[in-house]
Amino acid sequence: MILFENVSKTYKNGTPALSHVSVNIEKGEFVFLVGASGSGKTTFLRLLLREEFPDQGRILEAGRDIASLPKWRVPYLRRNIGCVFQDFRLLPNKTVTENVAFALEVIGRPASTVASQVPQILELVGLGEKGHRLPHELSGGEQQRVAVARAFVNRPLILLADEPTGNLDPTNSESIMALLERINRTGTTVVMATHDQNMVNRMRRRVIELDHGEVVRDQVRGVYGVPEGVL
Amino acid sequence: MRNYLRYALRETLTNLWRNRMMTIAAVLTVAVSLSLVGSALLLRQSAAQASAQWQLGTRVTVWMAPTATSGEISSVHTQLRQLPIVKSCVFQSQYKDYLQSKSILPASEWTLLKPGDVPSSFICTPTVPNDAFTIQATFQHEPGVYMVTAPEQQIRQMNHTIRIVQVVFIVLAIVLMVSATVLILNTIRMAIFSRRREVSVMKLVGATNWFIRIPYITEGFVQGLLGSAVAMGAVWALKTWYPLHNEFSIGSSALWGTNIVVLLVGVLVGSVGSGIAIRRFLDV
Ligand SMILES: Nc1ncnc2c1ncn2[C@@H]1O[C@H](COP(=O)(O)OP(=O)(O)OP(=O)(O)O)[C@@H](O)[C@H]1O
Ligand SMILES: [Mg+2]
């Protein structure tokens, strides 16, 4: 589903963010992206969205080289990728329902689709009763669930999450994780960048560790830190 | 599609309303600028009209001195007849002129006039209106000729004045149009800025570039359109309340033509303003 072939990226100011990264992520996998601050996790995700271009190497998504996509096709690429961020990025003057509906409306989905999909997805994230609230009337955990709902309402093939639990307490982090797992079980590929050690250790999912832009570990049932005895 | 039209319209109107002060400033600047363009065009058309009418009726009058001998008169007459640039000539005898002056002068003065005092004259039509000058130059110093008059001078003077007025109007209009473009650009920049969250979410979930851009393009378009609507009203009012008389008056087709130009320029100003704003501030 996602294939990085010897990908390197250096930002214009000369900061090396990724170097010689080769990774293959299958459809339906759940992958943690870990590493110290500045190790290149966000850059990895931005490359997948084609917000940045690699200097070297190839990135294939669903079998297609995304560098060869013409500019006007990029929005269609992004329709297949849902995104969740640490800071939620909800529209403060729209209600929960409107926030989720917005994601469908702006890609031209008919009103009937919007009317049927939005309540369904809000039910899935456990906010069926709170559709009329504004984001500031919700807890952080609830806001992040709205963001997940918005990212998933179009049923993307891939869900990218950049430190989705970074601003949440353990209980809320739990519920977001549970939600992402549930989404993963529908066959959606999930890539999640995180600093949350406990979470990674408990989940025992695939872990890709970056260090100064290099993949230093790619483990099928990994933990956050390097387990003793491995090195 | 219908959903999108509704969305784009709603966004456009909201943006216009949110930035209404800037919108009003932009619309008024467009309006003033285009009113100048419109007036310059009207002026030009009515001047052209007047010149054409005057030239159609251009008469060169060769006035013979009252004392001219009949030999001198017939010599001038033959020369006029032989000159190819003179189309036709009518001879006004002294007596005819004398009778004509009766209708011009007050009775008390006319009674003092004798046929011998009035000059005889040739009223000539040149083949081409522009030749009026040549005829004037040729016959001015012929023996027996008192003077030669042609309306050409008058036309030239008027056209000269009108050309200056026109240049002033057009220069002012261009300066104002540039400010209008900048104002429109700025309102749209503000609209984009106040919507930057929405725009970033739209990009993220895969809205197409045109979907994102069109409300802002429409915004500039509407501002240009409103401005030219006001200017069209001003041009129309100018023509209605200051009707130009006689040969200056222009038909309603000229008014329509002017208004169409005003409309097109207004829409152009709006589109250029929003186009630049989108290129600079909405890099999708
Ligand atoms: N837009 C940018 N322009 C220039 N340099 C950047 C940019 N974004 C990131 N970098 C640099 O690239 C490197 C990798 O950054 P990146 O954001 O990918 O790290 P990260 O792993 O997501 O870090 P964190 O855990 O703190 O979010 C860092 O050195 C960072 O300073
Ligand atoms: Mg990051």
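Owing to the predicted nature of the structure, the values given are computational and were not obtained by experimental measurement. (Residues numbered from 1 in each chain as written. Chains lettered and ligands numbered in written order. Predicted model: local features only at pLDDT ≥ 70, side-chain atom pairs only at ≥ 80, totals over all residues. Heavy atoms only, no water.)

Points about the interface of chain A and chain B
Stage number 1. Across the contact, 23 residues belong to chain A and 15 residues belong to chain B.
Stage number 2. Interface area for chain A against chain B, summed over the two sides, is near 1500 Å², with a carbon-plus-sulfur share of 62%.
Stage number 3. Among the residues chain A hides against chain B, the three largest losses belong to Arg 78, Phe 102 and Val 106 of chain A. Together they make up 29% of the total.
Stage number 4. At the surface where chain A touches chain B, the tally comes to zero salt bridges. (Contact = heavy atoms within 4.5 Å. Buried area = accessible area lost by both parts, 1.4 Å probe. Salt bridge = Lys/Arg side-chain N within 4 Å of Asp/Glu carboxyl O.)

Some points on the site of ligand 1
Residue and element names in this part refer to chain A.
Stage number 1. Around ligand 1, the structure places 14 residues, and the nearest of them are Ser 37, Gly 38, Lys 41, Thr 42 and Thr 43.
Stage number 2. Between ligand 1 and Gly 38 there is a distance of 2.8 Å, counted from an oxygen atom to a backbone nitrogen or oxygen.
Stage number 3. Within the side chain of Glu 163, one N or O atom sits 3.2 Å away from an oxygen atom of ligand 1.
Stage number 4. For the shell around ligand 1, the leading source of residues is helix α1 (residues 41–48), giving three residues.
Stage number 5. Taken together, the residues of the shell around ligand 1 sort by class into three nonpolar, nine polar and two charged. (Near = heavy atom within 4 Å. Polar contact = N/O pair within 3.5 Å; in protein donor to acceptor, adjacent residues only side chain to side chain. Helix = DSSP H or I, 4+ residues; strand = E, 2+ residues; numbered from the N terminus. Nonpolar A, V, L, I, M, F, W, Y, C, P; charged D, E, K, R; others polar.)

What to know about a nonpolar patch on the surface
Residue and element names in this part refer to chain B.
Stage number 1. Taken together, the side chains of Ile 170, Ile 174, Val 178 and Val 182 present a nonpolar region at the surface, about 330 Å² in accessible area.
Stage number 2. When you line up the elements, Ile 170 lands in helix α7 (residues 152–194).
Stage number 3. Using a relative accessible area of 35% as the deciding quantity, one classes Ile 170 as partly exposed. (Patch = residues over 30% accessible without salt bridge, like charges linked within 9 Å, V, L, I, M, F, W, Y side chains within 5 Å. Areas by Shrake-Rupley, 256 points an atom, 1.4 Å probe, with all protein chains shown as cover. Buried < 20%, exposed > 50% of the residue type's maximum accessible area, 1.4 Å probe, protein only.)

Quick notes on the state of the cysteines
Note: disulfide means a covalent bond formed between the sulfur atoms of two cysteine side chains.
All names here are of chain B.
Stage number 1. Here the structure, examined in full by the defined rule, presents one disulfide over all chains.
Stage number 2. Disulfide pairing places Cys 89 opposite Cys 124 at an S-S distance of 2.2 Å. Taking the torsion about the sulfur-sulfur bond, which here is approximately 105°, the covalent link between Cys 89 and Cys 124 counts as right-handed. Taken together, the residues span a long stretch of sequence, with Cys 89 in strand β2 (residues 86–92) and Cys 124 in strand β3 (residues 121–126) at a distance of 35 residues.
Stage number 3. Relative accessible area serves as the criterion here: at 0%, Cys 124 is assigned to the buried category. (Disulfide = S-S within 2.5 Å.)

Observations concerning the confidence of the model for chain B
Close inspection of predicted coordinates is inappropriate in any region flagged by low pLDDT.
Residues and elements named next belong to chain B.
Stage number 1. On average, residues of chain B score 83 in pLDDT, and 92% of them reach the 70 mark or higher.
Stage number 2. When mean pLDDT is taken per element in chain B, helix α8 (residues 196–205) scores highest with 93 and helix α5 (residues 107–110) scores lowest with 76.
Stage number 3. Interface scoring of the predicted complex returns ipTM 0.90; its pTM is 0.75. (pLDDT = per-residue confidence, 0-100.)

Re the sheet that holds strand β1 (residues 60–64) of chain B
Strand pairing within a sheet occurs via backbone hydrogen bonds; the two strands may be parallel or antiparallel.
All names here are of chain B.
Stage number 1. Pairing within the open sheet is antiparallel, and its four strands lie in the order β2-β3-β1-β4. The outermost strands of the open sheet, each flanked by one partner alone, are β2 and β4 (145–149). Averaged over all pairs of adjacent strands, the angle between their axes in this sheet comes to 20°, without regard to strand direction.
Stage number 2. In terms of strand pairing, β1 meets β3 through four bridges, oriented antiparallel. Along β3, the bridge assignment pairs Val 62 with Phe 122.
Stage number 3. Set on the sheet, helix α3 (residues 70–82) makes contact with β1, β2, β3 and β4; between it and β3 the angle comes to about 5°.
Stage number 4. Sitting on the sheet, helix α4 (residues 94–104) touches β1, β2 and β3, and the angle it makes with β2 is about 75°. (Pairing = 2+ DSSP bridges. Axes fitted to C-alpha atoms, helices over the stretch in contact; angles between N-to-C directions.)

Section: helix α3 (residues 96–105) of chain A
Stage number 1. Burial of α3 of chain A is extensive: seven of the 10 residues sit out of reach of the surface.
Stage number 2. On the buried face of α3 of chain A, the contacting elements are α4 (111–124) and α5 (140–152) of chain A together with α8 of chain B.

A few points about the packing of helix α1 (residues 2–18) of chain B against helix α9 (residues 209–241) of chain B
Residues and elements named next belong to chain B.
Stage number 1. Where α1 meets α9, the closest approach of the two axes is 9 Å, and the angle between their N-to-C directions is 50°. When the axis of α1 is compared with that of α9, the two are oblique. As α1 runs across α9, the sense of the crossing is right-handed. Between α1, through Tyr 4, Tyr 7, Ala 8, Glu 11, Thr 12, Asn 15 and Leu 16, and α9, the contact on the second element is made entirely by Trp 210, Phe 211, Ile 214, Pro 215, Tyr 216, Thr 218, Glu 219, Val 222 and Gln 223.
Stage number 2. When its residues are assigned to classes, the contact of α1 with α9 shows 10 nonpolar, four polar and two charged. (Parallel < 35°, antiparallel > 145°, perpendicular 65-115°, else oblique. Left-handed = near helix turned anticlockwise from the far one by under 90°.)

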